[in-house]
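Structural characterization, general
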Amino acid sequence: MISQKIPDSGIVLLEERGYELVYLDQEYPLETEELLKVCRDADALLCLLSDHINADFLQQCHKLQVVANYAVGYENIDVPTARERGIVVTNTPDVLSKATADLAFGLLLAVSRRIVEAHQYILEGEFDGWKSTLLLGTEISGKTLGVLGAGRIGTEMAKRAIGFDMDVIYHSRSPKSHLDDTGCRWVDLETLLSESDFISLHLPLTTETKLIINAKTLARMKQGVYLINTGRGKLVDEQALVTALRTGQLAGAGLDVYELEPDIHPELTELNNVVLLPHIGSATTEARDKMAGLCASAIIDVLEGRTPPNQV
Ligand code: NAP
Ligand code: GLV
Ligand code: GLV
């Protein structure tokens, strides 16, 4: 069972193995109860991060052996229930790390150099010649980037920042020697908040990380920080973010994900110091093809009695 449209590379792999596919090739999620109606007899489910695979769903799909999530984040799946029922859950790590870090770094440059605002300025017919003070932004070299969540994507973000001569500090539950070896420095959350000029979120959404950026943590940041979020929308209290952007506590924000996605806090769309993207972190042809391949291979592994490498 494939819950929404995915690249053909994944479909081909499953078809070659001779599996009977129920493929809902629409580009929107079904309500969980609707998905259940068509999935009840499936042995395997390939789903997207917008599908909510809850306990009830997992309990009612009696034959289900594997849920392959077409994403690296998997907070949309009730993993403890899956585990109880012996259902394997897999995700798509690594293959999207560079693409997502590229996008996060793109957001960092876009907000610090006002790239989208400048594009808009051109479209509005305002450009009438070079000016010494036109659309001044902030230099990034020599500034401190705080990477919050230093896993696969956070590591790629740190590498990019080092290439741009930024100083990188990071916070994760444990220090990472591969990052320390490149001149990055592990700090506690408090230090990351108070020392960074730019903060980029690369945490998974869990009960511990939910709303980690809120009015209190925003107040502990330096005045004029830029916040980049390609992690998950619910890491950030969006109302507090809007307030901080309005008061100047934050100089700008680059966002790919939203607290109530796909809804976006209406005030965010009125601010000119934000760049908003529609959750396209992993949206390269290369990454998406590999993600489809990983999902298909995981399903094949489980149905053929092997443990997939990307089990969560
Ligand atoms: P990962 O390799 O598992 O990295 C997660 C990092 O977060 C790890 O360094 C982990 O620390 C840290 N962490 C987890 N809980 C923490 C806590 N309570 N306090 C401090 N640090 C904590 O994951 P990834 O592959 O880099 O992906 C990260 C997230 O990016 C995904 O979960 C997903 O939500 C998001 N994402 C978004 C897009 C997009 O399209 N915008 C694309 C891909 C992924 P330890 O290593 O010390 O445990
Ligand atoms: C995308 O957001 C992912 O988690 O892969
Ligand atoms: C700008 O275009 C310059 O030459 O400095």
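Residues numbered from 1 in each chain as written. Chains lettered and ligands numbered in written order. Predicted model: local features only at pLDDT ≥ 70, side-chain atom pairs only at ≥ 80, totals over all residues. Heavy atoms only, no water.

1. Remarks on the packing of helix H1 (residues 8-16) against helix H12 (residues 285-303)
Test applied: Axis definition: a line fitted to C-alpha atoms, limited for helices to the stretch in contact. Angles are taken between N-to-C directions and run from 0 to 180 degrees. Starting at the N terminus, helices and strands are each numbered in turn, a helix being any DSSP run of H or I of at least four residues and a strand any DSSP run of E of at least two. An angle below 35 degrees is read as roughly parallel, one above 145 as roughly antiparallel, one from 65 to 115 as roughly perpendicular, and any other as oblique. Working rule for handedness: look at the near helix, and if it is turned counterclockwise from the far one by less than a right angle, call the crossing left-handed; if clockwise, right-handed. The contact rule is simple, with two residues in contact once any of their heavy atoms fall within 4.5 Å.
Between H1 and H12, whose axes approach to 7 Å, the crossing angle comes to 25°. Our classification of the angle between H1 and H12 gives roughly parallel. Considering the relative orientation of H1 and H12, their crossing is right-handed. Contact residues: H1 offers Ser9, Gly10, Leu13 and Leu14, while H12 offers Asp289, Ala292, Gly293, Ala296, Ser297, Ile299 and Ile300.

2. A look at the site of ligand 2
Basically, it comes down to this: Only heavy atoms are used to decide nearness, and a residue is near a molecule or strand if one of them lies within 4 Å of it. As used in this structure description, the phrase polar contact means that two N or O atoms lie within 3.5 Å; if the pair is within protein, one of them must be able to donate a hydrogen and the other to accept it, and residues adjacent in sequence are counted only when both atoms belong to side chains. Each residue is assigned to one class: nonpolar for Ala, Val, Leu, Ile, Met, Phe, Trp, Tyr, Cys and Pro, charged for Asp, Glu, Lys and Arg, and polar for all the others, Gly among them.
Neighbouring ligand 2 are the residues Leu49, Ala71, Val72, Gly73, Leu96, Arg232 and His279. Between ligand 2 and glycine 73 there is a distance of 2.8 Å, counted from an oxygen atom to a backbone nitrogen or oxygen. Here an oxygen atom of ligand 2 sits 2.7 Å away from a polar atom, N or O, in the side chain of arginine 232. Of the residues that constitute the shell around ligand 2, the class distribution is four nonpolar, two polar and one charged.

3. Here we look at the packing of aromatic side chains
Cut-off, in case you're wondering: Only Phe, Tyr and Trp rings are paired, with Trp represented by its six-membered ring, and only when their centres lie within 6.5 Å; those with planes under 30 degrees apart are stacked, over 60 edge-to-face, the remainder tilted. Buried, partly exposed and exposed residues are distinguished by accessible area as a fraction of the type maximum, computed with a 1.4 Å probe on protein chains only: under 20%, between the cut-offs, and over 50%, respectively.
Enumeration according to the criterion identifies two aromatic pairs in this entry. When the centroid spacing of 4.6 Å and the interplanar angle of 40° are considered together, the rings of phenylalanine 105 and phenylalanine 164 count as tilted. Placement of the pair is phenylalanine 105 in helix H5 (residues 97-112) and phenylalanine 164 in the loop between helix H7 (152-163) and strand S5 (167-171), with a sequence separation of 59 residues. Overall, phenylalanine 105 belongs to the buried group, its relative accessible area being 4%.

4. Details of the site of ligand 1
Spelled out, the test is: Throughout, the Shrake-Rupley method with a 1.4 Å probe supplies accessible areas, and for residues the shown protein chains are the sole cover considered.
In the region of ligand 1, 27 residues are neighbours, and Ile153, Arg173, Lys176, Thr230 and Asp256 sit closest. One of the backbone N or O atoms of arginine 152 is found 2.9 Å from an oxygen atom in ligand 1. Measuring from an oxygen atom of ligand 1, one finds a side-chain N or O atom of lysine 176 at 2.6 Å. If ligand 1 stood free it would expose 940 Å²; the protein chains cover 86% of that surface. Considering only residue class, the shell around ligand 1 consists of seven nonpolar, 14 polar and six charged.

5. Considering the pairing of strand S8 (residues 225-229)
Residues in a regular strand project their side chains so that they alternate between the two faces of the sheet. Convention followed: One requirement defines pairing of two strands: DSSP has to find at least two bridges between them. Crossovers are marked right-handed if the path from the first strand over the helix to the second runs clockwise, as seen with the strands pointing away from the viewer.
With five of five residues buried, S8 lies mostly within the body of the structure. Residues Val225, Leu227 and Asn229 of S8 are buried on one face, and the alternating residues Tyr226 and Ile228, pointing to the opposite face, are buried as well. The pairing of S8 with strand S9 (residues 250-255) spans five bridges and is parallel. Considered in S9, the bridge of tyrosine 226 is made with glycine 252. Once the chain exits S8 it traverses helix H11 (residues 238-247) before rejoining the sheet at S9, and the crossover so formed is right-handed.

6. Some points on H12
Given 3.6 residues per helical turn, the α-helix brings residues three or four places apart onto the same face. Threshold: Helix span is expected to be 1.5 Å times the residue number reduced by one.
Given a rise of 1.5 Å per residue, 19 residues ought to cover 27 Å, and the 27 Å separating the end C-alpha atoms of H12 matches this to within 8%. What H12 keeps buried is the set Ala287, Met291, Ala292, Gly293, Cys295, Ala296, Ala298, Ile299, Ile300, Asp301 and Val302. Against H1, strand S1 (44-47), strand S2 (66-69), strand S3 (88-90) and H5 lie the buried residues of H12. Of the residues trailing H12, glycine 305 is marked for its positive phi of about 90°.

7. So, the nonpolar core
Convention followed: Buried Ala, Val, Leu, Ile, Met, Phe, Trp, Tyr and Cys residues form a nonpolar core when they are joined through side-chain atoms within 4.5 Å. Domain limits in this description derive from either an automatic procedure or a database domain assignment.
Judged by nonpolar contacts, the single largest core of 45 residues is most densely connected at Ile6, Tyr70, Leu108, Leu145, Met157 and Met166. Here this core gathers at least three residues from each of two domains, domain 1 (8-94 + 284-303) and domain 2 (97-276). Apart from the residues within four sequence positions on either side, isoleucine 6 is in contact with Ile11, Tyr23, Leu46, Leu48, Tyr70 and Ala292. Grouped together as the second largest cluster of nonpolar side chains are 29 residues, Leu193, Val225, Val236 and Leu271 included.

8. Re H7
In this model, H7 (12 residues) spans 17 Å end to end at C-alpha, consistent with the 16 Å of a helix rising 1.5 Å per residue. Within the span of H7, buried status applies to Ile153, Gly154, Thr155, Glu156, Met157, Ala158, Arg160 and Ala161. Where the residues of H7 are buried, they touch H5, strand S4 (144-148), S5, helix H8 (177-180) and strand S7 (198-201). Looking one or two places after H7, you find aspartate 165, whose phi comes out positive at around 60°.

9. Considerations on the domain arrangement of the protein
Using the following cut-off: One side-chain nitrogen of Lys or Arg within 4 Å of one carboxyl oxygen of Asp or Glu is enough to make a salt bridge.
For the protein, the assigned domains read domain 1 (8-94 + 284-303) and domain 2 (97-276). Each of domain 1 and domain 2 has a C-alpha centre, and these two points are 31 Å apart. Facing the eight residues of domain 1 at the interface are five residues of domain 2. At the junction of domain 1 and domain 2, the tally comes to one salt bridge. In this structure, glutamate 75 and arginine 232 form a salt bridge, with 2.7 Å as the shortest nitrogen-oxygen distance. Inspection of the domain 1/domain 2 interface yields two residue pairs in polar contact (both at pLDDT 80 or more). Of the residues in the side of domain 1 that touches domain 2, the class split is four nonpolar, two polar and two charged.

10. Things to note about the environment of serine 9
You can see serine 9 is positioned in helix H1. With relative accessibility at 29%, the residue serine 9 sits in the partly exposed group. Sequence separation of serine 9 and lysine 290 is 281 residues, and the distance between their C-alpha atoms is 8.0 Å. Polar side-chain contacts of serine 9 include one of 3.2 Å to the backbone oxygen of aspartate 289.

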